[in-house]
Amino acid sequence: MTTVHWFRKGLRLHDNPALLAAVKEGAELRPVFVLDPWFVKHARVGINRWRFLSQALRDLDDSLRKLKSRLFVVRGSPEEVFPALFKKWDVQKITWEIDTEPYAQRRDEKVERLARESGVEVVCRHGHTLYRTEKIIEANLGKAPLTYVSLEKVVSKLGHPPKPVDTLNDLPESCHVRGEAATDVSYDVPSLKELGVEESQLEPCLYPGGETEALARLKIYMERKSWVCKFEKPKTSPTSLQPSTTVLSPYLKFGCLSPRVMYHQLIQIYKGSAHSKPPVSLLGQLLWREFFYTVGAVTPNFDRMEGNTVCRQIPWVRDDKLMDAWTNARTGYPFIDAIMTQLRKEGWIHHLSRHAVACFLTRGDLWQPWEDGMKVFEELLLDADWFLNAGNWMWLSASAFFNSYFRVYSPIAFGKNTDKHGDYIRKYLPQLAKYPENYIYEPWKAPLATQRAAGCIIGQDYPRPIVDHSIVMKRNLDRMAKAYKAGKEKKASSDNQSSPKKKMKK
DNA sequence: TCTGGCGTTGTTCCC
DNA sequence: GGGGAACAACGCCAG
């Protein structure tokens with residue numbers, strides 16, 4: 001008799017309630033990760049995130065082997081894999097951490113049904129967010145909080161989230177993996193090649209995946225107590241050559257780090273000291289995560305404009321050329337192109353950099369649908385998280401949550417706030433490195449002699465700007481005003497229809 | 001039921 | 001260079 005713990009997110013041994021539930025009765029434990037070859041081929045996962053995942057799996061496998069267990073990476077789709085495993089391993093029980101993403105919900109429903117059909121008990125535990133999403137919705141009278149303020153209020157009613165559970169530090173002998181299974185290489189962690197990653201295309205690894213790395217990184221930052229207490233997100237710099245924030249997001253995304261562990265460490269550090277507060281504090285960042293997880297869970301079509309009940313309908317105009325230029329760092333705006341280069345190379349960019357390029361792609365300059373930008377982020381970001389990615393793209397495109405659409409980031413001025421000399425641009429766009437400070441953000445304005453002296457002719461060695469920011473920004477403000485007005489009128493007419501009383505009054 | 005205040009992170013111009 | 005206004009503004013919530 002065996003118990004399977006199915007790892008998906010939650011790639012950790014600390015604060016993992018579902019994993020603890022798997023070892024409770026002392027049956028042999030089979031920790032499983034399912035690698036679907038179809039997914040490997042078709043998913044929007046770039047090489048950096050595949051590398052991160054493979055490192056996280058290897059770390060998990062190493063940790064499990066120290067406990068006389070191992071990770072079984074099983075190839076196939078979950079629906080095919082599990083019925084076979086249930087039989088082959090004489091499985092009695094399967095446990096997993098709840099995943100609220102719509103695709104995961106559908107997947108888990110199917111596996112749960114298959115498990116029932118095989119007489120296998122299914123045990124699900126919560127652990128990916130601070131609170132159980134449904135508890136927040138319940139406390140907010142059945143609705144998702146649509147503003148950060150309302151989320152904060154609901155959460156304060158609930159009190160602190162539960163304390164982390166014990167780390168799986170040792171396994172009773174009965175749980176050890178025995179026999180041939182312990183050394184069966186067909187279940188080994190996949191190589192990069194198996195994940196379709198051409199190693200020669202990889203840049204040096206700045207953020208290695210895995211729980212060990214996550215906890216080490218958390219420790220380093222939590223030891224900087226005064227920095228933690230002073231942390232205010234909007235005051236951190238997007239142009240810093242070393243990250244000015246913690247870069248714990250990829251670890252939270254994969255569940256290499258438990259948000260509750262981070263939360264309770266922050267509470268301890270804050271105790272007795274003056275400290276920054278949500279929404280700008282580090283704790284506030286965890287609450288933002290919670291916010292998008294909560295709204296996203298009860299909003300249909302959260303990752304699309306159409307049929308999305310919180311998303312304003314805006315008539316974006318798809319243009320492959322503009323989209324392509326943005327995606328491949330060829331907009332001709334060095335600040336934008338530098339950010340997109342950092343994203344592709346390193347898999348992580350500062351939050352405000354995300355603002356700058358997302359605004360530029362959508363309402364600010366290129367008028368492209370936010371969904372298209374979201375898909376590029378989904379591929380390239382190590383921390384690409386379904387709820388946060390969709391939520392933030394709606395925010396930045398002023399489609400939901402945020403409506404001051406006239407606050408447009410300038411692709412020229414914004415970077416100068418924290419980087420007058422343009423060191424950030426010089427790092428990521430070395431072809432522009434020799435430009436003088438007064439032209440680095442607008443190289444097309446440099447006289448030809450200056451361009452020659454810098455060894456980079458605009459229109460030849462670096463593109464001309466694809467749009468004129470000052471012109472398209474004004475046109476887009478006008479388009480936004482029209483879209484807002486149309487939305488308002490549509491809402492008014494549907495309100496009248498749904499509530500005749502109001503109509504009579506008017 | 002109405003009203004006024006406010007919201008994580010803009011820019012430019014003017015004094 | 002610091003501060004304030006203009007740009008034009010939705011939806012929630014306390015009072």
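Everything numeric here is computed off the predicted structure, so don't read it as measured data.

A. How the structure looks around the packing of aromatic side chains. Under the definition given, this model contains 36 aromatic pairs. In this structure an aromatic cluster arises from ring pairing among Tyr148, Trp288, Phe291, Phe292, Trp395, Phe401 and Phe402. Above the plane of the ring of Tyr484 lies Arg312, whose end atom (NZ or CZ) is 3.6 Å from the centre.

B. Representation of the protein's contact with DNA strand B. Around DNA strand B sit 20 residues, and of these Pro234, His351, His355, Val408 and Ser410 come closest. What you see for DNA strand B is that sugar and phosphate hold 43% of its atoms within 4 Å of the protein. With respect to DNA strand B, the backbone of Pro279 contributes an N or O atom lying 3.4 Å from a base oxygen. Ser410 is positioned such that a nitrogen or oxygen atom in its backbone is 3.0 Å from a phosphate oxygen of DNA strand B. For the surface near DNA strand B, the elements supplying multiple residues, two or more each, are helix 7 (148-158), helix 12 (282-298), helix 15 (351-364) and helix 18 (413-416). Among the elements that take part in the surface near DNA strand B, helix 15 stands out by supplying three residues, more than any other. Broken down by class, the residue content of the surface near DNA strand B amounts to 13 nonpolar, five polar and two charged.

C. Quick peek at unusual backbone geometry. For the bond from Pro278 to Pro279, the omega torsion is 5°, close enough to zero to count as cis. Summarising the element assignment, Pro279 is placed in the loop between helix 11 (259-270) and helix 12. Positive phi, normally seen in glycine, also occurs at Ala398, with a value near 55°. Within the element layout of this structure, Ala398 appears in the loop between helix 17 (386-396) and helix 18. In the Ramachandran plot, Phe401 falls in the positive-phi region, its phi being about 70° despite a non-glycine side chain. Considering the arrangement of structural elements, one finds Phe401 in the loop between helix 17 and helix 18.

D. Fine view of the pattern of salt bridges. Considering all chains together, one arrives at 25 salt bridges under this definition. In this structure, Arg8 and Asp108 form a salt bridge, with 2.8 Å as the shortest nitrogen-oxygen distance. Remark: Asp108 occurs in helix 5 (residues 102-117) and Arg8 occurs in the loop between strand 1 (2-7) and helix 1 (17-23); sequence separation between them is 100 residues. Between Glu442 and Lys445 there is a salt bridge; the shortest N-O distance is 2.8 Å. The structure contains a network of salt bridges with shared partners spanning Arg8, Lys9, Asp99, Glu101, Arg107 and Asp108.

Cut-offs and rules
Residues numbered from 1 in each chain as written. Chains lettered and ligands numbered in written order. Predicted model: local features only at pLDDT ≥ 70, side-chain atom pairs only at ≥ 80, totals over all residues. Heavy atoms only, no water. Phe/Tyr/Trp six-rings, centres within 6.5 Å; stacked < 30°, edge-to-face > 60°. Lys NZ or Arg CZ within 6 Å of the ring centre and 35° of its normal. Near = heavy atom within 4 Å. Polar contact = N/O pair within 3.5 Å; in protein donor to acceptor, adjacent residues only side chain to side chain. Helix = DSSP H or I, 4+ residues; strand = E, 2+ residues; numbered from the N terminus. Nonpolar A, V, L, I, M, F, W, Y, C, P; charged D, E, K, R; others polar. Salt bridge = Lys/Arg side-chain N within 4 Å of Asp/Glu carboxyl O.

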